[in-house]
Amino acid sequence: MSNFDHLGDRVSAWIDGELIGDELDHAAAHLDQCEHCRSVVDAERTVRSWIRLLPQEEPPPGFLDKIVLTGPRDRRSDRRRVRFGVANLVASAAVWVLVLGVGQLSNTSTTVTPRVGSFVTTHQANVVSTASFGSVDRQMHSTRSDLPPATSRFDLVAFRTDSSMTQAVYSDGVDAVSVFRQVGALDWDAVGDGRAVSVGESRGVVIDRGDVEVLMFERGDYAYAVVAPPSSGVIDEIAVAMPSSPGPSLWDRATDAGRGLLDCFGLRG
Amino acid sequence: MTGPTQPGGPLTPRPTWEDIARSHGRFLYTVAYRLTGNRDDAQDLVQDVLLRVRRGLDSYTPGNLEGWLSRIASNLFLDEVRRKKRRPLHVVPDLPDPWVGLEADPEAELAKERLPEHLQAAISKLPPEFRTAIVLCDVVGLDYAEIAEALDIPAGTVRSRIHRGRALLRKELQ
């Protein structure tokens, strides 16, 4: 090796003190004579020092405490469970709609002006403490034997309905998801900016609201808002899970529940 | 709270995974954030590492705990990168404001509020293999032999990745 061969990737090793023996001697001799390599060393040393001076990052408040309390989540298992769980979410919600008899097909021409902030506020008011879900769940099942015993990740833990809107709240004990349904067509101009997604063949928009995401979309004669934490993956799973071509679902065949039920959660488009 | 000592070597009690989460959670989150470049993925990576720690703590020989954690984090990160290459996802990067000047000395520049995020953005643009080598070297402080062992690559490859990664960073920041 000549002293006039530039150092190349030995620059990093020189800076990091990783050169020994002949390589070290040659590098030192070369740097004495080569202004180019000295400038490369200076520049790389500067970048190195910047990286080393970067401050430690702060995890979100409560993040580590929650892990210690509940144990680290197995995301691979979660991915499998979410796919199955969303199917159960849709199915259990459909059963609930069947039970309550509110899944009738409507031909209304009402326009729904979405109140994204209200959905978020309502969702958060109903899921203040996920720790309370267990008791809510037990209470509901003790008093409402007609509600479906949800399986897999998401259990139906709360619901409310009035003349214009229904809300179903689901939880896996960690994440909570609200599904709002309202008769009418969405006023898209009022939805606001967000990430465009496809929900089956329909248009959807995902709006980032900090701790939660809101998916707005239409199916049949209904406008929907799904509120879920971004980390749950539910929003994207729902968007993906919606069939692009309408057709009879397993649920349809199993229950012969009728068109209104299928339309309710978009199983028939 | 500590776990049992390792067989035949009772000098240092082996920590529990909860101990590690508490004592090294911030360090682990920092490494994860440097590797992934965004906070959601960093949290996921921390969860994955702690899950692996909980399952594999018996195989840990008390010593360089941060090195062990970083090794797990790096390999899980690279596994995830390869998985996403097979199933591409849309990633929304953090977009920094236009770059500030870089001529002043490092200490002064780092005192500026925005430099860390620009530097992080530049690190996030590095090829994952270069990024991992640089994080292990300059964030964790491993030497080249330790990095080579952690990533199961030759020491010469470590040297090359670090040099090329720093050169790309310099170019990105200029």
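Quick caveat: nothing in here was measured; it's all calculated off a predicted structure. In this numbering scheme, every chain counts its residues from 1 along its sequence in written order. All chains are assigned letters beginning with A, and all ligands numbers beginning with 1, in the order in which they are written. Under the rules for a predicted model, residues below a pLDDT of 70 receive no local features and side-chain atom pairs below 80 are neither given nor counted, while totals for whole chains, interfaces and linings still include all residues. The basis for every side-chain value is the complete set of heavy atoms in the structure, and neither hydrogens nor water enter the calculation.

(A) Expanded view of the pattern of salt bridges. In the sections that follow, a salt bridge refers to a side-chain nitrogen of Lys or Arg positioned within 4 Å of a carboxyl oxygen of Asp or Glu. Within this structure, the stated rule accounts for 15 salt bridges over all chains. Asp16(A) is the partner of Arg166(B) in a salt bridge, and the nearest nitrogen-oxygen pair spans 3.1 Å. Here Arg166(B), found in helix α8 (residues 155-173), pairs with Asp16(A), found in the loop between α1 (10-15) and α2 (21-33), and the two come from separate chains. We call a residue buried when its accessible area falls under 20% of the maximum for its residue type, exposed when it is over 50%, and partly exposed in between, using a 1.4 Å probe and counting protein chains only. Looking at Arg166(B), the relative accessible area reads 1%, which means it is buried. For Asp16(A), a relative accessible area of 15% corresponds to the buried category. Taking the shortest distance from any N to any O, the salt bridge between Arg71(B) and Glu149(B) comes out at 3.7 Å. One end of the pair, Arg71(B), is in helix α3 (residues 65-86); the other, Glu149(B), is in helix α7 (residues 144-151), and 78 residues separate them in sequence. Note on Glu149(B): relative accessible area 55%, which makes it exposed. Secondary structure elements are taken from DSSP: a helix is a run of H or I of four residues or more, a strand is a run of E of two residues or more, and numbering for both begins at the N terminus.

(B) Quick look at the packing of aromatic side chains. Stacked, tilted and edge-to-face are the three classes assigned to paired rings of Phe, Tyr and Trp, where Trp is represented by its six-membered ring and a pair needs centres within 6.5 Å; plane angles under 30 degrees give stacked, over 60 edge-to-face, the rest tilted. Scanning all chains against the criterion turns up four aromatic pairs over all chains. The rings of Phe63(A), Tyr29(B) and Tyr33(B) are connected pair by pair, giving a single aromatic cluster. Lying across the ring of Trp188(A), Arg203(A) places its NZ or CZ 4.1 Å from the centre. Remark: a charge is flagged as sitting over a ring if the NZ atom of Lys or the CZ atom of Arg is within 6 Å of the ring centre and within 35 degrees of the ring normal.

(C) Just helix α6 (residues 128-140) of chain B, in detail. All names here are of chain B. Where burial is concerned, most of α6 is hidden: 11 out of the 13 residues are buried. All buried positions along α6 are accounted for by Pro128, Phe130, Arg131, Thr132, Ala133, Ile134, Val135, Leu136, Cys137, Asp138 and Val140. The positive-phi residue at the C-terminal boundary of α6 is Gly141, with phi of around 90 degrees.

(D) Examining the nonpolar core more closely. Throughout, nonpolar core names a set of buried Ala, Val, Leu, Ile, Met, Phe, Trp, Tyr and Cys residues whose side chains join them through atoms within 4.5 Å. Residues Ile20(B), Val46(B), Val49(B), Val53(B), Trp68(B), Leu69(B) and Ile147(B) are the most contacted members of the largest nonpolar core, which totals 56 residues. The biggest single contributor to this core is helix α1 (residues 17-36) of chain B, with 10 residues. Every residue pair with non-hydrogen atoms within 4.5 Å of one another is taken to be in contact. Residues in contact with Val46(B), not counting those within four places in the same chain, are Phe63(A), Leu64(A), Ile67(A), Leu28(B), Tyr29(B) and Ala32(B). With 15 residues, the next largest nonpolar core counts Ile207(A), Val212(A), Ala225(A) and Val227(A) among its residues.

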